[in-house]
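Okay, here's what each chain looks like letter by letter:
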Amino acid sequence: MNDRRRLALVVWGVLVSQVFLYPGLEDIVVALGGGTHILGGMWFLLAEFGAFVLFAVVWGLASDALGRRRPLVVIGALGGAASYALLTLVPGFGFGFGAVLVIRVVGGAFTIGAFSLAITMLMDQTGGHGRNMGVAGTAIGLGAALGSIVGGRLATIDPLAPLWAGAAVLAGVAVLAATIPDRGVGGGLSIGGVASRVRHRPRLLVPYAFGFIDRLTAGFFALTGVYYFRDTFGIDAAMAGATLALFFLPFALLQYPMGKLSDRIGRFLPVVGGSVCFGLAIAAVGIAPVYPLAAGLMVLVGVCGAAVAPATMALVTDVVPAAERGAAMGGFNVFGSLGFLTGFLVGGVVAEAYGYLAAFLVVGALEVCIALVAFSFVRNIAGAGSTGMESPAE
């Protein structure tokens with residue numbers, strides 16, 4: 001098995017372990033003492049993704065400075081596995097939900113290292129940025145698809161079973177990552193250099209902004225989407241997982257060809273056009289009056305997301321040199337994690353105050369708005385020759 005495929009399996013495994021928890025989130029939170037309210041699920045997810053925000057760039061900077069990524073991926077995966085296993089012990093020891101949130105923060109700090117640096121190791125591979133990010137996107141989508149289906153079924157057996165399964169998968173990720181050679185480039189940026197680089201490369205803010213909004217929608221579906229389908233249509237965790245898979249399967253299977261397509265035609269149409277369609281499809285899911293129609297529209301959401309995601313990640317690699325990719329991708333993941341956090345907050349708060357329909361309309365509108373606002377910026381980058389080839393950045 002070549003390095004690209006093994007790295008794809010690492011990314012896939014991290015996503016599987018995370019998404020195991022989403023379909024049965026309500027049941028897991030109840031079992032851990034967080035109550036039945038949607039806000040309990042919101043805080044459970046916010047704790048982990050808050051740590052993602054704080055530590056994504058730290059891992060990237062560390063890997064660039066060391067010139068090595070593999071050992072950090074192993075450490076991140078092992079730490080994430082330990083945190084999942086520890087969560088299963090909370091009910092037996094009688095700890096409160098506050099302890100659960102602390103463990104989620106620690107686990108998130110480790111897990112983002114494995115995830116972000118595995119993607120960075122893919123960026124270090126030759127063969128075109130769009131192709132490599134298409135591989136990453138396919139791994140993410142397939143991991144999410146399998147995780148949603150299996151996680152939902154596990155939650156119907158035991159609410160804590162997804163946690164044990166996630167710990168096992170992350171342990172396997174650590175073992176696999178240890179076999180992959182480094183191709184990282186040392187001499188990366190310092191913390192002050194990251195801010196300086198963004199000032200000197202303002203084009204980085206374009207993929208960062210799209211990454212923020214795209215991950216916002218993912219966070220929205222992970223929390224509000226699951227509660228919406230279960231509350232509105234009366235489905236159980238297993239069916240909720242299957243419903244999420246209707247989005248994740250096309251999202252996964254189309255990312256690799258979409259990434260290669262963006263290498264040939266540029267990033268503009270997949271990023272801008274895909275975002276507009278993405279937002280309209282999200283709003284349509286919330287408007288759908290019956291489950292079969294809403295579930296069918298989830299497939300369309302996945303197709304639109306597959307057009308946007310690899311092209312957006314590839315924009316990061318298009319505008320920075322190899323020695324700065326770890327820090328640049330860390331910055332992308334910071335914005336992405338902030339997007340997840342915002343998706344949890346917007347979805348949870350708006351749904352609680354105004355209902356599910358309002359929440360879907362707000363998130364769909366945000367996706368369309370970013371495309372309209374950033375239209376000219378993406379066009380300028382694409383016009384400057386953002387084709388995804390291994391050319392030097394400015």
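The structure this text deals with has already been given above.
Everything quoted here is computed from the prediction, not taken from an experiment. (Residues numbered from 1 in each chain as written. Predicted model: local features only at pLDDT ≥ 70, side-chain atom pairs only at ≥ 80, totals over all residues. Heavy atoms only, no water.)

A. Structural context of the overall build of the protein. Looking only at helices and strands, one finds 17 helices and 0 strands in the protein. Here the protein, with 394 residues, has 60% of them falling under the buried criterion. Restricting to contacts in the protein with at least 6 residues of sequence separation, those with at least 24 account for 87%. Split by element, the accessible area of the protein, about 13800 Å² in all, is 73% carbon and sulfur. (Helix = DSSP H or I, 4+ residues; strand = E, 2+ residues; numbered from the N terminus. Buried < 20%, exposed > 50% of the residue type's maximum accessible area, 1.4 Å probe, protein only. Contact = heavy atoms within 4.5 Å. Areas by Shrake-Rupley, 256 points an atom, 1.4 Å probe, with all protein chains shown as cover.)

B. Examining the nonpolar core more closely. In this structure, Leu 32, Phe 44 and Phe 344 are the most contacted members of the largest nonpolar core, which totals 108 residues. Beyond its immediate stretch of four places on either side in the chain, Phe 344 contacts Met 42, Leu 45, Leu 46, Phe 49, Gly 219, Ala 222 and Leu 223. Counting 11 residues, the second largest nonpolar core, distinct from the first, contains Ile 213, Val 272, Leu 315 and Ile 370. (Core = buried A, V, L, I, M, F, W, Y, C linked by side-chain atoms within 4.5 Å.)

C. Helix 14 (residues 291-318), seen in detail. Over its 28 residues, helix 14 runs 41 Å from end to end, which matches the ideal 40 Å to within 8%, given 1.5 Å per residue. Among the 28 residues in helix 14, 21 count as buried, and that is most of the element. (Expected span 1.5 Å × (residues − 1).)

D. Focus on helix 11 (residues 237-253). With 17 residues, helix 11 should reach 24 Å at 1.5 Å per residue; the first-to-last C-alpha distance of 24 Å fits that figure. At Ala 245, helix 11 shows its largest kink, close to 30°. Among the 17 residues that make up helix 11, 12 are buried, leaving the element largely enclosed by the rest of the structure. Those residues of helix 11 that sit buried are Ala 237, Ala 238, Ala 240, Gly 241, Thr 243, Leu 244, Ala 245, Phe 247, Phe 248, Pro 250, Phe 251 and Ala 252. Measuring from the backbone nitrogen of Ala 238 back to the side-chain oxygen at the start of helix 11 gives 3.3 Å, which picks out Asp 236 as the cap. (Bend = angle between axes of the 7 residues up to and from the residue. Polar contact = N/O pair within 3.5 Å; in protein donor to acceptor, adjacent residues only side chain to side chain.)

E. Focus on the packing of helix 11 against helix 14. For the pair helix 11 and helix 14, the least separation of the axes is 6 Å and the interaxial angle reads 35°. The element helix 11 and its partner helix 14 pack so that their crossing is right-handed. Here Met 239, Thr 243, Leu 244, Leu 246, Phe 247, Pro 250 and Phe 251 of helix 11 come into contact with helix 14, specifically with Tyr 291, Ala 295, Met 298, Val 299, Val 301, Gly 302, Val 303, Gly 305, Ala 306 and Ala 309. Looking at the contact of helix 11 with helix 14 residue by residue, the classes come out as 14 nonpolar, 3 polar and no charged. (Axes fitted to C-alpha atoms, helices over the stretch in contact; angles between N-to-C directions. Left-handed = near helix turned anticlockwise from the far one by under 90°. Nonpolar A, V, L, I, M, F, W, Y, C, P; charged D, E, K, R; others polar.)

F. Local environment of the packing of helix 3 (residues 38-66) against helix 4 (residues 70-87). Contact geometry for helix 3 and helix 4: axes closest at 11 Å, N-to-C directions at 155°. With respect to their mutual orientation, helix 3 and helix 4 come out roughly antiparallel. Judged by the twist between their axes, the crossing of helix 3 over helix 4 is right-handed. For the pair formed by helix 3 and helix 4, the contact residues are Glu 48, Trp 59, Ala 62, Ser 63 and Leu 66 on the first element and Leu 72, Ile 75, Gly 76 and Tyr 84 on the second. Split by residue class, the contact of helix 3 with helix 4 holds 6 nonpolar, 2 polar and 1 charged. (Parallel < 35°, antiparallel > 145°, perpendicular 65-115°, else oblique.)

G. How the structure looks around the environment of Ala 288. Structurally, Ala 288 can be placed in the loop between helix 13 (268-287) and helix 14. For Ala 288, a relative accessible area of 8% puts it in the buried group. In this structure, the C-alpha to C-alpha distance between Ala 288 and Leu 357, residues 69 residues apart in sequence, is 9.5 Å. Not counting chain neighbours up to four residues away, the residues in contact with Ala 288 comprise Tyr 228, Phe 233, Leu 293, Ala 294 and Leu 297.

H. Structural context of the packing of aromatic side chains. With the rule as written, the count across this model stands at 20 aromatic pairs. Geometrically, the ring pair formed by Tyr 228 and Tyr 356 is edge-to-face, given 5.6 Å between the ring centres and 65° between the ring planes. Residue Tyr 228 is found in helix 10 (residues 205-233), and its partner Tyr 356 is found in helix 16 (residues 356-373); the two are separated by 128 residues along the sequence. Classification of Tyr 356 as buried rests on a relative accessible area of 19%. Here the aromatic cluster, defined as three or more aromatic residues joined through ring pairs, consists of Phe 220, Phe 221, Tyr 228, Phe 229, Phe 233, Phe 247, Phe 248, Phe 251, Tyr 291, Tyr 356 and Phe 360. (Phe/Tyr/Trp six-rings, centres within 6.5 Å; stacked < 30°, edge-to-face > 60°.)

I. Fine view of the environment of Phe 115. Examined against the element boundaries, Phe 115 turns out to sit in helix 6 (residues 97-123). Taking the C-alpha atoms as reference points, Phe 115 and Val 73, 42 residues apart in sequence, are found 7.5 Å from one another. If we ignore the near neighbours within four places in the chain, the residues touching Phe 115 are Val 11, Val 14, Leu 15, Ile 140, Arg 215 and Asn 333.

J. Here's a closer look at the pattern of salt bridges. All chains considered together, the criterion is met by 4 salt bridges. Between Arg 230 and Asp 27 there is a salt bridge whose closest N-O contact spans 3.3 Å. Here Asp 27 lies in helix 2 (residues 25-31) and Arg 230 lies in helix 10, a separation of 203 residues in the sequence. Its relative accessible area of 15% is what places Arg 230 among the buried residues. (Salt bridge = Lys/Arg side-chain N within 4 Å of Asp/Glu carboxyl O.)

K. Spotlight on the state of the cysteines. Throughout the structure, instances matching the rule amount to 0 disulfides. A disulfide-free cysteine, Cys 277 has its sulfur positioned 4.9 Å from the sulfur of Cys 304, the nearest such atom. On the basis of relative accessibility, which here comes to 8%, the residue Cys 304 falls in the buried class. (Disulfide = S-S within 2.5 Å.)

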